[in-house]
Amino acid sequence: MSDLDDFLLKLPKIELHLHIEGTLEPELRFRLAERNNIELPYSSAAELRASYDFDDLPSFLTGYYDGMRVLRTEQDFYDLAWAYFEKAAGQNVRYTEIFFDPQAHTGRGVAFDTVIRGLRRAQLDGRRLLHLHVQLIMCFLRDYQPEFAMATLLESLPYREWIVGVGLDSDERGNPPRKFAEVFHRAREEGYLLTMHCDVDQENTTEHIRQCLHEIEVDRIDHGVNILTDPELLAEARRRRIGLTACPISNGWVSDGLKAPEIKRLLDAGLKVTVNSDDPAYFGGYVSENLAAVQRALELTRHDLVRLQRNAVESCWAPPAVKDRISAELDRLC
Ligand SMILES: [Zn+2]
């Protein structure tokens, strides 16, 4: 192992773009299917993994939603989250904000309460047993109607203290941020922080980023690397210190590459870009593998890797004490 690999392993990390349903590894999917008496059309976890063949966002989403069918009970959601937390703690992740997609579950008859209680219990155990600080971000599915998102937002209010913010994901084509303006306005009134996906190389991506910044007034943007094509938006995001949660290995599956040069340009331009894993069970890389992929592609230095983590400290939604603790750890590395 090179000195830099060793450094990367030990680096205290933050993960800000992680769909918990996207951490469902084939082995766990088989275990949950068996527990819930669900038949899978594959003979083994290896065969299932080999079947992953995504070349754009819609083809990925088809497999992603199909995978979730095995998640039925509170314990299933606990086990899903716990498996990810153990993995993250093993990669020296200190703090993570995880997305969950309640509509993908309530839409097939699993209660919101079931989903969130499983995640919440895992979150508390993660802090106690793994010293991993976790917060939850509830995402709305943008290919559904805003009325469904609003109903989900209202359904979340009894659990308001368990959820730090709201996001927007799923198929971006024809589903601009503006479609959910009212939902996000209400979410802001309820005290949620706001983020939205602007996936890489999507139709009208620059306009979607503009709507996020100027109409929805988000606190962060997920992906958003196409902001480089618009100097005005770039300047605005820099001025407002908006975090951009890039996901290089995911980009490699659904676009023409990792977008590593774009990530470096954003970093050097003073944008609050971070490196994350998106849906690691499907794309084959957790946060360490994503950082390693960018490091190799760009020959990043230790200093660059620390800068990425400092960006994550600044743009994350952790309590000040957690931010201070991770910053102090990063200081000791330099
Ligand atoms: Zn995502």
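Just so you know, these numbers come straight off a predicted model, no measurement behind them.

Reading the values: the criteria
- Residues numbered from 1 in each chain as written.
- Predicted model: local features only at pLDDT ≥ 70, side-chain atom pairs only at ≥ 80, totals over all residues.
- Heavy atoms only, no water.
- Pairing = 2+ DSSP bridges.
- Helix = DSSP H or I, 4+ residues; strand = E, 2+ residues; numbered from the N terminus.
- Axes fitted to C-alpha atoms, helices over the stretch in contact; angles between N-to-C directions.
- Contact = heavy atoms within 4.5 Å.
- Donors = N, O, S within 2.8 Å, 3.2 Å for Na, K, Ca; no water.
- Buried < 20%, exposed > 50% of the residue type's maximum accessible area, 1.4 Å probe, protein only.
- Phe/Tyr/Trp six-rings, centres within 6.5 Å; stacked < 30°, edge-to-face > 60°.
- Lys NZ or Arg CZ within 6 Å of the ring centre and 35° of its normal.

(A) Highlighting the sheet that holds strand S7 (residues 243–246). Read from one edge of the open sheet, 8 strands run S1-S2-S3-S4-S5-S6-S7-S8, paired in parallel fashion. Every other strand in the sheet has two partners, leaving strand S1 (13–19) and strand S8 (272–275) as the edge strands with one partner each. Put simply, the sheet's adjacent strands are angled 25 degrees from each other on average, direction ignored. In this sheet, strand S3 (residues 133–141) lies alongside strand S2 (residues 93–100) in parallel orientation, the contact comprising 6 bridges. Bridging from a neighbouring strand, Phe100 pairs with Met138 of S3. Of the strands in this sheet, S1, strand S6 (220–223), S7 and S8 are in contact with helix H16 (residues 302–315), which crosses S8 at around 110 degrees.

(B) How the structure looks around the coordination of the zinc ion. Protein-derived ligands of the zinc ion are His17 (NE2), His19 (NE2), His197 (NE2) and Asp278 (OD), with the metal-ligand distances lying across 2.1 to 2.4 Å. Mapping the donors of the zinc ion onto the primary sequence gives the spacing H-x1-H-x177-H-x80-D. You can see His17 sitting in strand S1 and its partner His197 sitting in strand S5 (residues 193–198), a full 180 residues away along the chain. Side by side, His17 and His197 carry an identical accessibility label, which is buried.

(C) The arrangement of the packing of aromatic side chains in detail. In this structure the tally under the stated criterion is 20 aromatic pairs. Aromatic side chains Tyr84 and Tyr286 sit 6.4 Å apart centroid to centroid with 15 degrees between the ring planes, which places their arrangement in the stacked category. With a gap of 202 residues between them, Tyr84 in helix H5 (residues 74–90) and Tyr286 in the loop between helix H14 (280–283) and helix H15 (287–298) connect regions that are remote in the sequence. Tyr286 matches Tyr84 in its accessibility class, with the two residues each being buried. Following the ring pairs from residue to residue traces out a cluster consisting of Tyr52, Phe54, Phe60, Tyr64, Tyr65, Trp253, Tyr282 and Phe283. Positioned over the ring face of Tyr192 is Arg160, at 4.3 Å from the centre of the ring.

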